[in-house]
Amino acid sequence: MSATAATFAKAHKRDRRHVEAWTGGYRAYDLVKELVVAVAVVVVLTAILAALFSSPDDQPVTIARWARADAKDFTTAALSELNGTSEIAQYGPPYNSTAGAAQKIGPISLQTIPGVRIPIDTANDLVLTPLRSVAGDNPDLQTALSQYTSASPQQQAAWTDAYGKALDSATVSGGQLQVPPGDYGPVAVIMADELALARSGGLDGALLATKQFYQTDYTKPILFISAGSYFEDQASARNLLGEQWGMMNETGNWPGQPWLWLYTFWYQVPPFATSGNADALIWGIMIVLSVILILVPFIPGVRSIPKWIPIYKLVWRDYYKGLADRTG
Amino acid sequence: MSVEAKQKAQWSARVRESAEKNLPPSQLLPDEQPVYVHSWIYVFGVLTIAAFGVVLVSGLWLSLKGPTWWHTSSIGLFVNSLHLWSAELFFFFMVIHLWGKFWMAAWRGNRSMTWVTGSVAFLASIGTAFTGYLSQQNFASQWIASEGKDGLNAAGIGAFFNVLNFGQMLMWHIVLMPLVVGALIVIHVLLVRKHGVVPPYPLEGQTEFDTGPETVVDVKPPSGGEGGAS
């Protein structure tokens, strides 16, 4: 055993002897009264804070609201879901199996271990299937969907690429997207009907639809909404972006989750601020730090920090003063 | 086997005897504390418990009318505000309590599990609050879900704990996590009762505990435990 380790062991042994058997004095202490007073104080304090400051409740973004507010941004996002270039289309597990997309800690990718457990096929789930559900009385849309799905991947890419380039010079008039003429195949019809479905509110419902009547899973709508810049602009205006300490904040001037400060801190500093593996690395760090927190009593050195920085003398100053007075 | 031996072998008898041995009523709810329990830092444990109680009651109140009530009712908004601010106070008190116990090295003297249960309760509380923010059904919920999913997915957790699934997050927030945090708090407090409040660090050269005569109401050897505040 090294000299340092021996010192730690000796100090720890002395501490154990001292704290296991308290042989000093006691004084009256009413725990029940303390609890009742504490509850009363917290109730009053909470009621005052609630009455003075209330709580935030910013309206959620719906797909309908997004499509009505920014038709061009919505169509750009929908096109990226259709041609598989969106962030979610190339995300990797748990949504799909895009090669090389999963984050890693060194050679280890925890993201790939569970596999694809929430499968999302962006073209079908977010564009084609919702449109099929409303194509019954729309022959043009039926034809467009049939033409698109039966075309080769190369042909599909040629149509969507052309449409994507044309979107740069598209204009919005009366809520409708005006795209310059071009060789877009069925994509122009598909995108126009996707926008119309979104503006009507139908796409919000279609993305929730399953075999069940009641729905609680908003995975598809939120993933779709997050593909547009409209959603991010709304968050930026509320100081919620990652570089603004992200989800630790709350909308408006309300306190959010300040207890997440250490987690969001890492996203602000290099190398994590620019790393493609930031999420995996930061989660790795936080797991290690959490384990250290839990195991503080068992970690030599860490458990001795309170002895080296004697803040305890402030806590027990009356006790120590009494000792000093009697021992001279 | 004699009747007495049979009774002693009973599981019920063993549980009762263990409870009587480890947590007799006078130790479970003592009316006195060691003289060194004399600082404002000691009230933050009980304040944390009090705030947890207000969080639970306001949460139960919200659950009476369902998750959408507070968006459409002024009373509901006030109850939601009670829930928010009591949660903020809960964390405020708990963090001060945690730091206080760290600087007192409160794990000394076979109190390691008291620290472990407290720190796990702190981490579980963060998870509980996180699922609460995800259950608000407003813009903050959407954004936190959208941002939070990436970290959880990168850690391999998102495949099972889907922050975009409102139903799953609501159930975790109002059932699973409160049970976990509540159970941890109960175990934590029972451990505090069993082992008592950690005594001060001994000063250099000090070999026996001593106390100021002006505060002593009783000096006695420990009998099965030392009592203590939370």
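Residues numbered from 1 in each chain as written. Chains lettered and ligands numbered in written order. Predicted model: local features only at pLDDT ≥ 70, side-chain atom pairs only at ≥ 80, totals over all residues.

Participant: Explain the interface of chain B and chain A here, please?
Facilitator: Much of the literature gives interface size as the accessible area that the parts lose upon coming together. Facing 93 residues of chain B, the contacting portion of chain A comprises 85 residues. The set of elements that each furnish at least two residues to the side of chain B that touches chain A consists of β1 (32-34), α4 (43-64), α6 (74-103), α7 (112-134), α8 (139-154), α9 (166-195) and β2 (218-219) of chain B. Considered class by class, the residues forming the side of chain B that touches chain A number 55 nonpolar, 28 polar and 10 charged. Looking at chain direction, strand β1 (residues 25-28) of chain A and β1(B) are connected through three bridges and run antiparallel. (Contact = placed C-beta atoms within 7 Å. Helix = DSSP H or I, 4+ residues; strand = E, 2+ residues; numbered from the N terminus. Nonpolar A, V, L, I, M, F, W, Y, C, P; charged D, E, K, R; others polar. Pairing = 2+ DSSP bridges.)

Participant: In this structure, what is going on with unusual backbone geometry? I would like to understand it.
Facilitator: Among all residues except glycine, the phi angle is most often negative; among peptide bonds, the trans geometry is most common. The omega torsion of the bond from A:P93 to A:P94 falls at 10 degrees, within 30 degrees of zero and hence cis. The residue after A:P270, namely A:P271, is reached through a cis peptide bond having omega 0 degrees. Of note, A:P271 is situated in the loop between α12 (261-266) and α13 (278-294). Located in the positive-phi region is A:N239, a residue other than glycine, with phi close to 60 degrees. Looking at the element boundaries, A:N239 is found in the loop between α11 (229-237) and α12. Even without a glycine there, the phi angle at B:N110 is positive, about 60 degrees. Along the polypeptide, B:N110 turns up in the loop between α6 and α7.

Participant: What is the right way to read the nonpolar core from this model?
Facilitator: If you look at the biggest cluster of nonpolar residues, it comprises 118 residues, and the most contacted ones within it are A:F74, A:I190, B:L47, B:A50, B:A51 and B:F90. Top element by residues in this core is α6(B). It accounts for 11 residues. The residues contacting B:A51, other than those within four sequence positions of it, are A:V42, B:S86, B:L89, B:F90 and B:F93. (Core = buried A, V, L, I, M, F, W, Y, C linked by C-beta atoms within 7 Å. Buried ≥ 20, exposed ≤ 12 C-beta atoms within 10 Å, placed from the backbone.)

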